[in-house]
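Given next are the chains, with one letter for each unit.
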Amino acid sequence: MTNDFTPQIAAFCCHYCAYAAADLAGSMRLEYPPAIKVIELPCSGKLDVTYVLRAFENGADGVLVAG
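Presented here is an overview of the structure given in this document. (Residues numbered from 1 in each chain as written. Predicted model: local features only at pLDDT ≥ 70, side-chain atom pairs only at ≥ 80, totals over all residues. Heavy atoms only, no water.)

**Some words on the environment of Gly59**
Stage number 1. Assignment of secondary structure puts Gly59 in the loop between α2 (49-57) and β3 (62-66).
Stage number 2. C-alpha of Gly59 to C-alpha of Cys17: the two residues are 42 residues apart in sequence and 26 Å apart in space. (Helix = DSSP H or I, 4+ residues; strand = E, 2+ residues; numbered from the N terminus.)

Rendered as structure tokens:
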């Protein structure tokens, strides 16, 4: 029995912290799964629950908030 399920993850990242780290990882040619969609926020404190719910409505299997 094989598991072909690849979860789709919406990653809400703070501009100054987590997004900068994700950008640096790209500059260093480090790879992360293409199923992770990075969404830049001005600040993780600005994340509204509506964005999380909308991510699930649009097909995300999980949500990551990184600050």
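**Notes on the sheet that holds strand β1 (residues 9-14)**
Stage number 1. Reading across from one edge, β2-β1-β3 is the order of the three strands in this open sheet, with parallel pairing throughout. Two strands in the sheet have a free side with no partner beyond their single neighbour: β2 (36-41) and β3. Between one strand and the next, the sheet's axes are offset by a mean angle of 20 degrees, whatever the strand orientation.
Stage number 2. Note that β1 and β3 share five bridges and pair parallel. Paired with Cys13 across the strands is Ala66, a residue of β3. (Pairing = 2+ DSSP bridges. Axes fitted to C-alpha atoms, helices over the stretch in contact; angles between N-to-C directions.)

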